[in-house]
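# Analysis of the macromolecular model
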Amino acid sequence: AVERGWVLEWDEKYQTHVVDEDKVLDELEIQTAKGGVLVDHHSSDWFPERWFPIVVVLRCGTEELYDRLEKRGYVGHKLTDNIQCEIFGVAAEEARESYSNAKVLELQNERHEQIASNVQCIVNEIQRRCDAPEET
């Protein structure tokens, strides 16, 4: 985002850049129109529903999440707010509020062994949804 000029400012509280959502959406509109795009983001509520056949929310226990975030250098508000969001299921709630419930798939992603099964589940679900006849 920084390299592409998609940031508005630096957030001291969270020690991160604030993304210019309009610029990101403008670019992604072009990319998603081509199809075959995977968007990885911690929040799904600002992406148009028409872009995606499926929205995947990966969940993680707070102890494991804490360790992962700490290894990434998260501290203070950034660390505690991320843990609280997981406790309260904020990402899953935002996804369900922004997209039809049928599009939202929630998966646990705590252990390394879950990666392959989660990927297979996602691939199967995308294939199933893409092969299904359009609802009118």
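Above: the structure in question.
Notes on the structure follow. Being a predicted model, the structure only gives us computed values, none of them experimental. (Residues numbered from 1 in each chain as written. Predicted model: local features only at pLDDT ≥ 70, side-chain atom pairs only at ≥ 80, totals over all residues. Heavy atoms only, no water.)

### Looking at the overall build of the protein
Broken down by element type, the protein carries five helices and four strands. The helix and strand sequence of the protein, counted from the amino end, reads β-β-α-β-α-α-α-β-α. C-alpha atoms of the protein, sized along the principal axes, occupy 50 × 35 × 25 Å. Sequence-distant contacts in the protein: of pairs separated by 6 or more residues, those separated by 24 or more amount to 53%. Here the protein has roughly 9700 Å² of accessible surface; of this, 51% comes from carbon and sulfur atoms. (Helix = DSSP H or I, 4+ residues; strand = E, 2+ residues; numbered from the N terminus. Contact = heavy atoms within 4.5 Å. Areas by Shrake-Rupley, 256 points an atom, 1.4 Å probe, with all protein chains shown as cover.)

### Re unusual backbone geometry
Unlike most non-glycine residues, Gln-15 shows phi in positive territory, near 55°. You can see Gln-15 is positioned in the loop between β1 (7–11) and β2 (16–19).

### A few points about the side chain of Lys-103
As for its position among the elements, Lys-103 is in the loop between α4 (90–98) and β4 (104–108). Within the buried core, Lys-103 has no salt-bridge partner, and the shortest N-O distance to an opposite charge, that of Glu-49, equals 4.0 Å. Discounting chain neighbours no more than four positions away, the residues touching Lys-103 are Glu-49, Phe-52, Pro-53, Ile-54, Val-55 and Arg-129. (Buried < 20%, exposed > 50% of the residue type's maximum accessible area, 1.4 Å probe, protein only. Lys, Arg positive; Asp, Glu negative; His and termini not counted. Salt bridge = Lys/Arg side-chain N within 4 Å of Asp/Glu carboxyl O.)

### Comments concerning the nonpolar core
Counting residues in hydrophobic clusters, the biggest one holds 14 residues, and the most contacted among them are Phe-47, Trp-51 and Tyr-99. At the level of elements, α1 (21–34), β3 (55–59) and α4 are the ones that each hand at least two residues to this core. Broken down by element, the residue count for this core peaks at three residues, all from α1. Those residues in contact with Trp-51 that sit more than four places away from it in its chain are Leu-25, Leu-28, Glu-29 and Thr-32. Core analysis: the next-biggest nonpolar cluster, separate from the first, contains six residues, Cys-60, Leu-65, Tyr-74 and Leu-79 among them. (Core = buried A, V, L, I, M, F, W, Y, C linked by side-chain atoms within 4.5 Å.)

### Brief notes about the pairing of β2
Side-chain positions along a regular strand alternate between the two faces of the sheet. Here β1 runs beside β2; their pairing, made up of four bridges, is antiparallel. Of the residues in β2, the one forming a bridge with Glu-9 is Val-18. Between β1 and the antiparallel strand that follows it, β2, lie four residues; Gln-15 among them carries a positive phi value of about 55°. (Pairing = 2+ DSSP bridges.)

### What about helix α5 (residues 114–131)?
Here α5 contains 18 residues, and its C-alpha end-to-end distance of 26 Å stays within 8% of the 26 Å for a straight helix at 1.5 Å per residue. Every buried residue of α5 is listed here: Gln-114, Asn-118, Glu-125 and Arg-129. For α5, the angular spread of buried residues about the axis comes to 30°, placing them on one side. The exposed set on the far side of α5, more than 90 degrees from its buried face, consists of Ala-116, Cys-130 and Asp-131. The inward-facing, buried residues of α5 abut β3 and β4. (Expected span 1.5 Å × (residues − 1). Arc of directions from axis to C-beta.)

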